[in-house]
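Each chain is listed here by its residues.
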Amino acid sequence: MNFDPARALRLAHETLDIEAAALLGLKGRLAGGFARAVALLLAVSGRVVVMGMGKSGHVGRKIAATLASTGTPAMFVHPAEASHGDLGMIQPQDAVLAISNSGESEELTAILPLVKRLGVPLVAITGGTASTLARHADVVLDSGVEKEACPLNLAPTASTTAQLALGDALAVALLDARGFRAEDFARSHPGGALGRRLLTRVADVMRGGDAVPRVGPGADFSALMREVTRKGLGATAVADDEGRVLGIFTDGDLRRLVETGRDLRALTARDVLHPSPRTVRDDALAAEAAELMEQHRITVLLVLDAAGRLVGAVSSNDLMRAKVI
């Protein structure tokens, strides 16, 4: 085994050049059927059933996952398993997206007559535009490439890249036609970072009830400091009996007050509060609270309800625990 770093780098460059050329070559062949394929898949009331053998099957699984996560219900069915009962997964309201570079994969061509007998629409992604698969298909997307990136021109490389790119193009066109939004994507990915940012509300992560640091305007300075210490946020709201926020007092305010040399024992919350504090609504996205904190370089926000009453408090630590930031 002779490893030549320079040769490895040259082959990498050649692979990328070949696959990039293969993708660019697809653009000129889209006009014939791409829009029809999108319209066909958009019209089905069931699922897009993706099928493919070997490397095309691996690509098909990814395409099915991309479709499902972007608003088009989809699933992958293995052609060989379909011949042994899994064909029952395909229902009359579905459509089939079949992938094969040659269009002659035996396991796939064996079930095409049965698929057609079900009366479901069939979209083919294939490099064999005169193949058995292409002849059975309602719409053919030409994924043919001039050559594979494999030096032997054998291993599926550029051809599978082309298949994957066409699948992505279908998914993007379909999500656009469906009016699919970032919020819809988040609902499909509740465990991911985007899901947390787009689905988590301030009410989900804030401290409420007795955990909210709060004193009345007449509270003496000792009571004020006890509330700051007891609630562990380094701050307390100053609010009237109706829950209207009059101001906030923070650890920073304490440091600045000490520097003045005033007699703290004679002061009340009304004397030392910082008026017009930054607040956020309880129904706002937690990500908005994070942006406010970053913008104003603060670590605590008071939370108000729709009527403007104090209902909670949220800190940067709360947002980090919820993995919003």
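Refer to the structure above for everything that follows.
Rules used in this analysis
Every chain's residues receive numbers from 1 upward, in the order its sequence appears when written. Since the coordinates come from a predicted model, pLDDT governs what is reported: local features require at least 70, and pairs of side-chain atoms require 80 or more to be given and counted, while whole-chain, interface and lining totals use all residues. Just so you know, side-chain values use all the structure's heavy atoms and leave hydrogens and water out. Secondary structure counts use DSSP, requiring at least four H or I residues in a row for a helix and at least two E residues in a row for a strand, with both numbered from the N terminus. Residue exposure (1.4 Å probe, protein chains only): buried if accessible area is under 20% of the type maximum, exposed if over 50%, otherwise partly exposed. The contact definition used throughout considers only heavy atoms, calling two residues in contact when any of these lie within 4.5 Å. Should DSSP find at least two bridges between two strands, the strands are taken to pair. For helices, the fitted axis covers only the stretch in contact; all axes are lines through C-alpha atoms, and the angles between them, taken along N-to-C directions, range from 0 to 180 degrees. Contacts described as polar in this section are N or O atom pairs within 3.5 Å, which, within protein, must combine one atom able to donate a hydrogen with one able to accept it, while residues neighboring in sequence count only if both atoms come from side chains. Salt bridge criterion: a side-chain nitrogen from Lys or Arg within 4 Å of a carboxyl oxygen from Asp or Glu.

Student: What is the right way to look at the overall build of the protein chain in this model?
Tutor: Looking only at helices and strands, the protein chain has 16 helices and 13 strands in total. By its C-alpha atoms, the protein chain is 90 × 55 × 35 Å across when sized along the principal axes. Of all 325 residues assigned to the protein chain, the portion counted as buried reaches 44%. Long-range pairs, those at least 24 residues apart, make up 63% of the contacts in the protein chain with a sequence separation of at least 6.

Student: Help me out: how do you make sense of unusual backbone geometry in this one?
Tutor: Working note: non-glycine residues mostly have negative phi, and peptide bonds are mostly trans. Backbone geometry at Ser-276 places phi at a positive 50°, although glycine is not the residue there. Following the sequence through the fold, Ser-276 ends up in the loop between strand 10 (274-275) and strand 11 (279-281). Here Arg-297, not a glycine, exhibits a phi torsion of approximately 55°, which is positive.

Student: Would you take a moment to explain the sheet that holds strand 5 (residues 139-142) for this structure?
Tutor: In any sheet, the strands associate via hydrogen bonds between backbone groups, in a parallel or an antiparallel arrangement. With respect to topology, 5 strands assemble into an open sheet ordered 2-1-3-4-5, the strand pairing being parallel. Edge positions in the sheet fall to strand 2 (74-76) and strand 5, since each has one partner strand and no second. Taking each pair of neighbouring strands and ignoring which way they run, the sheet shows an average axis angle of 20°. Pairing of strand 4 (residues 122-126) with strand 5 involves 4 bridges; the strand directions are parallel. Note on strand 5: the bridge partner recorded for Val-123 is Val-139. Sitting on the sheet, helix 2 (residues 34-43) is in contact with strand 1 (48-52), strand 3 (95-100), strand 4 and strand 5, with an inclination near 130° to strand 5.

Student: Is there a simple way to think about the environment of Thr-229 in this case?
Tutor: Positionally, Thr-229 belongs in helix 12 (residues 221-231). A residue is classified by how much of its surface remains accessible, and Thr-229, at 60% relative accessible area, is exposed. Through-space distance from the C-alpha of Thr-229 to that of Pro-213 is 9.2 Å; in sequence the pair is 16 residues apart. Here Met-225 takes part through its backbone oxygen, which lies 3.0 Å from a polar atom of the side chain of Thr-229.

Student: Sorry, what's going on with the pattern of salt bridges here?
Tutor: Between side chains of opposite charge, pairing is possible as soon as their charged atoms come close. This structure, assessed with the given rule, holds 15 salt bridges. Measuring nitrogen to oxygen at the nearest pair gives 3.1 Å for the salt bridge that ties Asp-318 to Arg-207. With Asp-318 in helix 16 (residues 316-321) and Arg-207 in strand 6 (residues 207-208), this residue pair connects regions lying 111 residues apart in the sequence. Looking at Asp-318, the relative accessible area reads 7%, which means it is buried. For Arg-207, a relative accessible area of 22% puts it in the partly exposed group. In this structure, the salt-bridge partner of Arg-244 is Glu-242, at a minimum N-O distance of 3.5 Å. Judged by its relative accessible area of 47%, Glu-242 falls in the partly exposed class. A cluster of three or more residues bridged by salt bridges with shared partners is formed by Arg-207, Asp-318 and Arg-321.

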